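Read off the chains here:
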Amino acid sequence: MSIEYLGLSEINGPLIAVEGVKGGSFEEIVELSVAGKKKKLGRIVEINEDKAVIQVFESTDEMSLSNTHTRLTGHPMEIGLSVDILGRIFNGLGEPIDGLGKVTAECVRDVNGLPMNPCVREYPRNYIRTGISAIDGLTTLIRGQKLPIFSGNGLPHDQLAAQIVEQASLGEGSAEDFAIVFAAMGVKYDVAEFFRRTFEESGVSSHVVMFLNLSNDPVVERLITPKVALTAAEYLAFEKDMHILVILTDMTSFAEAMREVSSLKGEIPSRKGYPGYLYSELATLYERAGILKGAKGSVTQIPILTMPGDDITHPIPDLTGYITEGQIVLERSLHQKNIYPPINVLPSLSRLMKDGIGAEFTREDHQDVSNQLFSSYARVGEARDLASVIGEDELSEVDKKYLQFGTAFEQEFVSQGATENRTMEETLDIGWRLLHILPREELDRIDTRILEKYYDPKP
Amino acid sequence: MHVSGKIYGINGPIVTILGDMGFQMAEMVHVGRNRLVGEVIGLNKKQTTIQVFEETTGLKPGETVEGTGKAISVTLAPGILTNIFDGIERPLQQIAELGGPFIPRGVSVEALDTRKKWETRLLVKEGERVYPGAVIAEVPETPAITHKVMVPPEVSGLVKAVAADGSYTIQETLAVLETEDGKELPLTMTQQWPIRIPRPVNRRFPADRPLVTGQRILDTLFPIAKGGTAAIPGGFGTGKTMTQHQLAKWSDADIIIYIGCGERGNEMTNVLEEFSQLVDPKSGNLLMDRTTLIANTSNMPVAAREASIYTGLTLAEYYRDMGYHVAIMADSTSRWAEALRELSGRLEEMPAEEGFPAYLASRLSAFYERAGYVENLNGTDGSVTIIGAVSPQGGDFSEPVTQNTKRFVRCFLALDKSLAYARHYPAINWLTSYTEYLNDLAPWYSANVGQNFVYCRNQILNILTTESRLNEIVKLIGSDVLPDDQKLVLEIARVIRLGFLQQNAFHAEDTYVPMEKQLRMMETILYLYEKCKALIELNMPMALLREDRIFEKVIAIKYDVANQELSKFQDYHRMIDAFYQRIMETNA
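Residues numbered from 1 in each chain as written. Chains lettered and ligands numbered in written order. Predicted model: local features only at pLDDT ≥ 70, side-chain atom pairs only at ≥ 80, totals over all residues.

K.L.:
Mind laying out the overall build of chain A, listing which residues take part and the relevant values?
P.N.:
When you go through chain A residue by residue, the secondary structure sums to 13 helices and 19 strands. In terms of C-alpha radius of gyration, chain A reaches 25 Å, essentially the compact-globule figure of 23 Å for 459 residues. In terms of its C-alpha atoms, chain A occupies a principal-axis envelope of roughly 85 × 50 × 40 Å. Contacts spanning at least 24 positions in sequence make up 72% of the contacts within chain A whose residues lie at least 6 apart. (Helix = DSSP H or I, 4+ residues; strand = E, 2+ residues; numbered from the N terminus. Rg over C-alpha atoms; globule rule 2.2 N^0.38 Å. Contact = placed C-beta atoms within 7 Å.)

This is how it looks when you write it as structure tokens:
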């Protein structure tokens, strides 16, 4: 199909309208040539008989109503894939930008993907050791999980993500079949560069595929970037039997781009101006994590999002939390206390943790220790509130112990070095050591049998 | 020949056709070359609007839309139980066999297996007159449930011919009726029923018996009636899904319909795996034998998400008509409401609060009103209980879905973020939750559990309410300055919270607790309270009482006393007496 349509009827930011189109289909990709040279890609986002509304992935600068030729490609957005994509860098549309030429495609895939049938999913149970106590001990990451990092501007989420990647990939049981798919949406050049350098320094860069849409790249392009990246991840996981860790940063830019385009299309906004389909759209990305029955590979996702105004109830973190299997929440006040990683464990959660820990996987006391740490640390908050009203001196003995426990928990359990790689044993032992600060009666979440085995009356 | 038309416009799941082609409202249609399933949702002289239950990527203007003449319906016959369907009753297992691990577009499969032969026992004789709902045959569908083949509603007549007992598929004729107007009507096991229309019943009964769940905070503090409605609202991570799973596992309904509406794929897999292994303690059968799953996960098309709730309800009503007690777990109704909002936005309707359509309230009320304890057309009793999870935006209960749901449910189980943060599960807040069923159910409790059950329940709630009032003071001045009788209330409330309200879903004994044990636990706690109160009145200081490990022992009852050894509770009473004596002797 090579009919070209000359001219446009409207240009509105990244959206253009073409009339007289025959045989265009919904979500089809079109090629645009401006003034006979520049090739741009666009996607049909609405079609009414012969009038198509097209979203242009690049800027619409230089386009005029008369100088643009539109050609239908007859297929939705696709990318060519082969194992050669490992170690390469692409732009947000999947075109190579590292100067190493085109990838010879073994197959071509529709980036929109299809929903995974719940019947053929394998329920994820194998944990990934990240070497970070707050994650391993309290919000254990499971292979095939989607566990986002909720962060704020200026918090060290990138560093944390890099540390997870480094330590998880270099941990035990890691083999050649491990790879990382990294998708940047609207991030600063420095951030992308930080990740590239980290991968290089830790020697994994031959196992990394990077898709970069930087903050000065076209906004619309980032709507497709995560889809391209996840298509590559699914291909490597389910056809090449690899364990894939996908890092998506920053999901907030993705959602912002959706709002921008939606508003240009004149759609009815729902919360805070975001389109009503934000939930569905985020879900189609996040739900692409998982394990298939009988497949050797897996897709694990760590999306990063910056909460606007550190507000966890903002639609983006809110909807994300309803889709993902937990979240790791970074807290500014911890960061200010110079605690790295500044993970606030209370709102953090890993939903798949319960089935991936315990005697069979980690250690028999894991669940009890983590419950107790959560419960005791929640009590620390109450004690601190009280202390701020009546002063520390007036607190009861037990409450004073809680204050002491709280500080020790933040300093010794949560806080650790940026390259410190703790084993599961170490993490749990630190947990026990801290619990000894509290009187034994306060340890009410631990099974009596476990308590007798691990609680040392005279530490 | 049914009507057809040509696609004019496509916008996400919404497809329009120019002009009035004679489609009916709510008619099921096939859209485009791939024959995607859709439903007519708007008609006027200028255009017909259709929502499509599958991805519309690749659809072109000019492709044909074909009507079917029928409203969007589900197939009702043996084979529903143990199955997992998508939102419009397509079996996911078969889709996986046909289309591989990912769900392809336009896949065409029968809702139920039409080749499988079912062992059938006929219950009618030639010459008998049968009425709507009459049971004409029985099929053992699973070891747990006997499927009753019924005369469809609105059909009655004289039985002209009956097949012999034997094995039949769901499409083979079991009996032939001569209807009032003299026509012959063959009856098979299969019925079709439009999902948006409630199946008729004779009359409704008041709710007077509880859905026993084995979850202490529910059975005791906030009971749900069979045929009742309950909502479980909670922000993410507060345990909505865990609570729903616990109810699906342990409640004493005959049949569970679990609707995963716009939720996570892994969760559905988890239910599927777990229920296929777990055994129902009451019947000894697999839990899956009484369960049907409807999985329309968050990445599956949004229009089917909207339909999935109705599909589940219709399946539930069908089993209710057989005389079963059915419980529906809808996880989550907010996703359904958001699907309404999404579609409403695509239709460019005038939004009401927070972008939700103005008809949100009427849709919610119509949904919850399909619950009920009823007398069926065939004279049997059955019930449909609806337990809907609500995922409020930002965890804020003042948003429209929670507020509107509150108007139509009679039991409200508010999940609390701070309880969940402290890993107090189930994280049901006892101060903001309520049930309107208590008075209706009180006679049942008196007759079946114990005369003092409601009294104990009220006492427990009373102590908890007092605790929250005292906590206000403690927050300002600390607990040390309280008088001893108030310190005692705090201590007993702690025992109630840790020993009674907290329940460990992963503990073999604690995951399900029979009613008698719940009552004994309450009695023991209240007995301890009474004895301690007596000591405090004799001016024994609270610090002295706390030195004894009696409070810890009572907290540990939930683990230390197995569900079958209720006689052990006498030991606890003796232990409390001994504690009382000890304090009296050493300090008097």
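K.L.:
Summarise the overall build of chain B; cite the residues concerned and give the values.
P.N.:
The helix and strand inventory of chain B stands at 17 helices and 26 strands. Against the 2.2 N^0.38 benchmark of 25 Å for 588 residues, chain B shows a C-alpha radius of gyration of 28 Å, consistent with a compact globule. Taken along its principal axes, the extent of the C-alpha atoms in chain B is 95 × 55 × 40 Å. Out of the 588 residues belonging to chain B, those deemed buried represent 52%. Sequence separation of 24 or more characterises 70% of the internal contacts of chain B that already satisfy a separation of 6 or more. (Buried ≥ 20, exposed ≤ 12 C-beta atoms within 10 Å, placed from the backbone.)

K.L.:
Any chance you could break down helix 6 (residues 333-346) of chain B for me, citing the residues and the numbers?
P.N.:
Because each turn of an α-helix spans 3.6 residues, side chains separated by three or four positions end up pointing in the same direction. With 14 residues, helix 6 of chain B extends 20 Å between its outermost C-alpha atoms, agreeing within 8% with the 20 Å of an ideal straight helix rising 1.5 Å per residue. One or two residues past the end of helix 6 of chain B sits Glu 348 of chain B, with phi positive at roughly 60°. (Expected span 1.5 Å × (residues − 1).)

K.L.:
I'd love a proper account of the pairing of strand 6 (residues 51-56) of chain A, names of residues and values included.
P.N.:
All names here are of chain A. Most of strand 6 is tucked away, with five of its six residues classed as buried. The pairing of strand 3 (residues 15-18) with strand 6 spans four bridges and is antiparallel. Looking at the pairing, Ala 17 lines up with Val 53 of strand 6. Pairing analysis gives six bridges linking strand 5 (residues 38-48) to strand 6, with the strands arranged antiparallel. When the bridges of strand 6 are listed, Ile 47 appears paired with Ala 52. Connecting strand 5 to the next strand, strand 6, in antiparallel fashion are two residues, including Glu 49 with a positive phi near 50°. (Pairing = 2+ DSSP bridges.)

K.L.:
I'd love a proper account of the sheet that holds strand 9 (residues 118-122) of chain B, names of residues and values included.
P.N.:
Residue and element names in this part refer to chain B. Across the sheet, which stays open at both edges, the four strands sit in the order 12-11-9-14 with antiparallel pairing between neighbours. Among the strands making up the open sheet, the edge pair consists of strand 12 (146-150) and strand 14 (166-168). Between one strand axis and the next, the sheet turns through 40° on average, direction left out of account. Summarising the sheet, strand 11 (residues 135-140) and strand 12 pair through five bridges and their orientation is antiparallel. By the bridge assignment for strand 12, Ala 137 is matched with Val 149. (Axes fitted to C-alpha atoms, helices over the stretch in contact; angles between N-to-C directions.)

K.L.:
Explain unusual backbone geometry to me, and be specific about the residues and the numbers.
P.N.:
Asp 250 of chain A follows Thr 249 of chain A through a cis peptide bond whose omega is 5°. Within the secondary structure, Asp 250 of chain A sits in the loop between strand 16 (243-249) and helix 5 (251-264). Residue Tyr 340 of chain A is joined to Pro 341 of chain A through a cis peptide bond whose omega torsion reads -10°. Positive phi, normally seen in glycine, also occurs at Ala 26 of chain B, with a value near 65°. Looking at the element boundaries, Ala 26 of chain B is found in the loop between strand 2 (14-18) and strand 3 (27-31).

K.L.:
Could you give an account of the interface of chain B and chain A, naming the residues involved and the relevant values?
P.N.:
On the chain A side, the residues contacting the 62 residues of chain B number 60 residues. Elements represented by at least two residues in the side of chain B that touches chain A include exactly strand 1 (4-11), helix 1 (92-99), helix 4 (265-275), helix 6, helix 11 (453-477) and helix 15 (550-555) of chain B. Considered class by class, the residues forming the side of chain B that touches chain A number 26 nonpolar, 23 polar and 13 charged. Of the pairings in the sheet, the one linking strand 5 of chain A to strand 1 of chain B comprises two bridges and is antiparallel in character. (Nonpolar A, V, L, I, M, F, W, Y, C, P; charged D, E, K, R; others polar.)

K.L.:
I'd love a proper account of the environment of Gly 38 of chain B, names of residues and values included.
P.N.:
All names here are of chain B. Here Gly 38 lies in strand 4 (residues 36-43). Judged by the 25 C-beta atoms lying within 10 Å of it, Gly 38 is buried. C-alpha separation for the pair Gly 38 and Phe 53, spaced 15 residues apart in sequence, amounts to 5.5 Å. Among residues more than four places away in sequence, those in contact with Gly 38 are Val 15, Val 29, Val 31, Ile 50, Gln 51, Val 52 and Phe 53.

K.L.:
Explain the nonpolar core residue by residue, including any values.
P.N.:
If you look at the biggest cluster of nonpolar residues, it comprises 306 residues, and the most contacted ones within it are Val 181 and Phe 182 of chain A together with Ile 136 and Ile 328 of chain B. Per element, the largest residue contribution to this core is 11 residues, and it comes from helix 5 (residues 302-321) of chain B. (Core = buried A, V, L, I, M, F, W, Y, C linked by C-beta atoms within 7 Å.)

K.L.:
Break down the confidence of the model for chain B for me, with residues and values.
P.N.:
Detailed reading of the predicted model is not advised wherever pLDDT is low. Averaged over every residue, the pLDDT of chain B is 92; residues scoring 70 or more account for 100%. Here the complex is predicted with pTM 0.92, and the ipTM for its interfaces comes to 0.87. (pLDDT = per-residue confidence, 0-100.)

K.L.:
Hey, could you go over the environment of Glu 110 of chain B for me, with residue numbers and the actual values?
P.N.:
Residue and element names in this part refer to chain B. Tracing the backbone through its elements, the reader meets Glu 110 in the loop between helix 1 and strand 9. In this structure Glu 110 comes out as partly exposed when scored by C-beta crowding, with 15 C-beta atoms within 10 Å. For the pair Glu 110 and Thr 49, spaced 61 residues apart in sequence, the C-alpha to C-alpha distance is 26 Å.

K.L.:
For the pairing of strand 2 of chain B, give the residues involved together with the corresponding values.
P.N.:
Residues and elements named next belong to chain B. Burial analysis of strand 2 places four of its five residues in the buried class, the great majority of the element. Across four bridges, the pairing between strand 1 and strand 2 is antiparallel. Looking across to strand 2, one finds that Asn 11 is bridged to Ile 14. Hairpin connection of strand 1 to strand 2: two residues between the antiparallel strands, including Gly 12 at a positive phi of 60°. Looking at chain direction, strand 2 and strand 5 (residues 47-52) are connected through five bridges and run antiparallel.

K.L.:
Lay out the sheet that holds strand 13 (residues 149-151) of chain A in plain terms, naming residues and giving numbers.
P.N.:
Residues and elements named next belong to chain A. Across the sheet, eight strands lie side by side as 9-15-14-16-17-13-18-19; this open sheet has mixed pairing. Each having just a single partner strand, strand 9 (89-91) and strand 19 (343-350) make up the two edges of the open sheet. Averaged over all pairs of adjacent strands, the angle between strand axes in this sheet comes to 15°, irrespective of strand direction. In this sheet, strand 15 (residues 208-214) lies alongside strand 14 (residues 178-187) in parallel orientation, the contact comprising seven bridges. Looking at strand 15, one finds that Ile 180 is bridged to Val 208. Of the strands in this sheet, strand 14, strand 15, strand 16 and strand 17 (298-306) touch helix 4 (residues 225-238), which is tilted by about 175° from strand 14.

K.L.:
Which residues make up the packing of helix 11 of chain B against helix 13 (residues 515-537) of chain B, and what values do they have?
P.N.:
Residues and elements named next belong to chain B. Contact geometry of helix 11 with helix 13 gives a least axis separation of 10 Å together with a crossing angle of 55°. Taken together, the axes of helix 11 and helix 13 lie oblique to each other. The chirality of how helix 11 crosses helix 13 is left-handed. On the side of helix 11, the interface is formed by Phe 453, Cys 456, Gln 459 and Ile 460, while helix 13 contributes Leu 519, Met 522, Glu 523 and Leu 526. Residues belonging to the contact of helix 11 with helix 13 are distributed by class as follows: six nonpolar, one polar and one charged. (Parallel < 35°, antiparallel > 145°, perpendicular 65-115°, else oblique. Left-handed = near helix turned anticlockwise from the far one by under 90°.)

K.L.:
Can you lay out the packing of helix 11 (residues 397-414) of chain A against helix 12 (residues 424-435) of chain A for me, pointing to particular residues and giving the numbers?
P.N.:
All names here are of chain A. Their axes nearest at 10 Å, the elements helix 11 and helix 12 cross at an angle of 160°. Accordingly, the angle class assigned to the pair helix 11 and helix 12 is roughly antiparallel. Helix-helix and strand crossings are classified by hand; for helix 11 and helix 12 the assignment is right-handed. Where helix 11 abuts helix 12, its residues Phe 405, Ala 408, Phe 409, Glu 412 and Phe 413 lie against Ile 430, Gly 431 and Leu 434. The class makeup of the residues in the contact of helix 11 with helix 12 is six nonpolar, one polar and one charged.

K.L.:
Tell me what's going on with the environment of Ile 316 of chain A, and back it up with residues and numbers.
P.N.:
All names here are of chain A. Positionally, Ile 316 belongs in helix 7 (residues 315-323). Under the C-beta neighbour-count criterion, Ile 316 is labelled buried, with 28 such atoms within 10 Å. A sequence separation of 271 residues divides Ile 316 from Val 45, and the C-alpha atoms of the two residues are 23 Å apart. Ignoring any residue separated from it by four or fewer positions in sequence, one finds Ile 316 in contact with Met 251, Thr 252, Ala 255 and Leu 305.

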